[in-house]
Amino acid sequence: MIWNETKECMSRDEMTHLQNERLKTMLARVYQNVPFYRRKMQEIGIEPGDVKGISDLPHLPFTTKQDLRDNYPFGLFAVPKSQVVRVHASTGTTGKPTVVGYTPKDIQIFAEVVARALYSAGATNEDIIQVAYGYGLFTGGLGLHYGAERIGAAVVPISGGNTEKQVQLLEDFGSTVLACTPSYAAYIAETLEKNKIDPASLPLRTGIFGAEPWTEEMRLRIEKGLAISAFDIYGLSEIIGPGVSASCSAQDGLHIAEDHFIPEIIDSDTLQPLPAGSTGELVFTAVTKEAMPLLRYRTRDLSKLNPEICSCGRTSIRMARVFGRSDDMLIIRGVNVFPSQIEAVLMDIPEAKPHYMLIIDRQGTLDTLEIQLELEERFFSDELAEMEQIQRKIQHKIENVLGLSVILKLVEHNTLKRSEGKAERVIDRRRS
Ligand code: DLL
């Protein structure tokens, strides 16, 4: 089902025309209203009138998270504060949070793009959507909330946490759609199992998960654990929040709402645009946002773009599942690994639970990677020999795929911290 066929199924020519017009309007607005952008454009001698359309994007300046911090809190707003009706912020681990603002029209666009994502996951006004993303400064809760209301579904705004209550409402209210992070979905699935509730007996049928990297292997795990179909939703506060893109029934990439957010893939080192199909850093230009339109925002997220028309009927460009951020890459004894590569191996091992931690340390001059992994209880044994055998088997598999020796610690059930929001699975002791 397609929420907005006019916009999601445009011909490429129509889409390019729309993007060209919207980009020109946006540039004129930011040049006029945001001193930061006027200065940046003056520095390179470009005026809005010089830009003919999206083919000129590579000549325009980037925006980075640091630019948002330097203009904290409201310095990049393109409208007077009287027109701003909401702010969100991403906490970030270091430094000041990044703040984003919305006008009433921005809130409408936000609801529209999340509505598209929900439809794309098969949700309709018949559904009861349990929103277990955090509500608050984080965009997940309110973003999904407004999108769910837009399609006319019944929203259960439970927010994140309180897992026993989540399970109770899944049973009592018969929620049909669950929206939360994939790591929290895995925790909810485990709680069902603990409470001896057969997921297939629940009305729950669909999940819309995102806000953190996850793998296809994890998606299959969650589908099984909750007896649902699971879909990927991507977004970031700086661009709008969730709904920048979402996967569809084809399960082959995420359709970008490119009438609002124009994507590019660049090489993070040379900053040059890469052709479709190459892996690199995602960059978005938010052309319709009123309060805080960003020009060529560098997301640090790694993906690739696929312009082929999808079997679902949407013509919008697709991005591959984000497998990590450029700053997530671990360099261990000279080998580059992304946590998601490790997850893919672990989730392919039947004995492994979807709960693991990666601990990187340095012994002398040597980096070490310790993987702590919980085992399915039925595989846990008092027999040392049996445990050693499982341990060797898993370790061998990981080392084979990663080309890196690791320390594998099989830990007892419930040892590792469960995630109720964005999972934190990496501790890098080399940095402390
Ligand atoms: O996480 C918005 C969101 C809420 C998306 C709910 C999906 C669902 P931020 O807190 O600003 O916003 O974090 C944005 O999270 O740059 C990615 O690194 C990561 N991320 C978001 N969605 C995905 C996803 C929200 N589906 C940052 N897959 C982004 C992988 C994701 N990473």
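All of these numbers come straight from a predicted model, not from anything done at the bench.

## Points about the domain arrangement of the protein
Per the domain assignment, the segments of the protein are domain 1 (1-326) and domain 2 (330-431). When each unit is reduced to the centre of its C-alpha atoms, the spacing between domain 1 and domain 2 is 30 Å. Across the domain 1 to domain 2 interface the summed buried area is about 1,800 Å²; carbon plus sulfur atoms make up 53%. On the domain 1 side of the interface with domain 2, the three residues burying the most area are Glu 190, Met 218 and Arg 221, jointly 31% of the side's total. Linking domain 1 with domain 2 are 2 salt bridges. Across the pair Arg 418 and Glu 190 runs a salt bridge whose closest N-O atoms are separated by 2.7 Å. Counting every contact that joins domain 1 to domain 2 gives 13 residue pairs in polar contact (both at pLDDT 80 or more). Of all elements in the fold, only helix H8 (182-194), helix H9 (216-226) and strand E15 (324-325) reach the threshold of two or more residues within the side of domain 1 that touches domain 2. The biggest single contributor to the side of domain 1 that touches domain 2 is H8, with 6 residues.

## Topic: the pairing of strand E18 (residues 352-363)
The side chains of a regular strand alternate between both faces of the sheet. Burial analysis of E18 places 9 of its 12 residues in the buried class, which makes it a mostly covered element. Pairing analysis gives 9 bridges linking E18 to strand E19 (residues 366-375), with the strands arranged antiparallel. Counterpart to Ile 360 in the pairing with E19 is Leu 369. The antiparallel hairpin formed by E18 and E19 contains 2 residues in its connecting segment, where Gly 364 sits at a positive phi of about 65 degrees. Summarising the sheet, E18 and strand E21 (residues 426-428) pair through 3 bridges and their orientation is parallel. What sits directly across from Leu 358, in E21, is Val 426.

## Thoughts on the site of the ligand
Around the ligand sit 21 residues in total, of which Asp 232, Ile 233, Ser 237, Asp 301 and Lys 422 are the nearest. Here Asp 232 contributes a side-chain N or O atom positioned 2.8 Å from a nitrogen atom of the ligand. Within the side chain of Ser 237, a nitrogen or oxygen atom sits 2.4 Å from an oxygen atom of the ligand. Expressed as a share of its isolated accessible area of 610 Å², the protein-covered part of the ligand is 93%. Residue assignment for the shell around the ligand shows that the elements contributing at least two residues are helix H6 (139-150) and strand E7 (229-236). Broken down by element, the residue count for the shell around the ligand peaks at 5 residues, all from E7. In terms of residue class, the shell around the ligand is built from 9 nonpolar, 6 polar and 6 charged.

## Points about the packing of aromatic side chains
For the structure on display, the rule yields 9 aromatic pairs. With centroids separated by 6.0 Å and ring planes inclined at 80 degrees, the aromatic side chains of Phe 209 and Trp 214 adopt a geometry described as edge-to-face. Here Phe 209 matches Trp 214 in class, with each residue buried. It is Lys 289 that lies over the ring of Tyr 102; its NZ or CZ is 5.9 Å from the centre. Sitting above the plane of the Trp 214 ring, Arg 321 keeps its charged end 5.1 Å from the centroid.

## Here's the deal with unusual backbone geometry
Omega for the peptide link from Tyr 72 to Pro 73 comes to -5 degrees, which places this bond in the cis form. Tracing the chain through its elements places Pro 73 in the loop between helix H4 (65-70) and strand E1 (86-90). The backbone of Arg 296 shows a phi angle near 45 degrees, a positive value even though the residue is not glycine. Among the secondary structure elements, Arg 296 is positioned in the loop between strand E11 (280-286) and strand E12 (297-303).

## Examining the sheet that holds E12
Ordered by their spatial adjacency, 4 strands build an open sheet running E10-E11-E12-E15, and the pairing between neighbours is antiparallel. Edge positions in the sheet fall to strand E10 (261-266) and E15, since each of these pairs with one other strand and no more. Sheet topology note: the E11/E12 ladder contains 4 bridges and is antiparallel. Paired with Glu 281 across the two strands is Leu 302, which belongs to E12.

Cut-off values and rules
- Residues numbered from 1 in each chain as written.
- Predicted model: local features only at pLDDT ≥ 70, side-chain atom pairs only at ≥ 80, totals over all residues.
- Heavy atoms only, no water.
- Domains from an automatic or database assignment.
- Buried area = accessible area lost by both parts, 1.4 Å probe.
- Salt bridge = Lys/Arg side-chain N within 4 Å of Asp/Glu carboxyl O.
- Polar contact = N/O pair within 3.5 Å; in protein donor to acceptor, adjacent residues only side chain to side chain.
- Helix = DSSP H or I, 4+ residues; strand = E, 2+ residues; numbered from the N terminus.
- Buried < 20%, exposed > 50% of the residue type's maximum accessible area, 1.4 Å probe, protein only.
- Pairing = 2+ DSSP bridges.
- Near = heavy atom within 4 Å.
- Areas by Shrake-Rupley, 256 points an atom, 1.4 Å probe, with all protein chains shown as cover.
- Nonpolar A, V, L, I, M, F, W, Y, C, P; charged D, E, K, R; others polar.
- Phe/Tyr/Trp six-rings, centres within 6.5 Å; stacked < 30°, edge-to-face > 60°.
- Lys NZ or Arg CZ within 6 Å of the ring centre and 35° of its normal.

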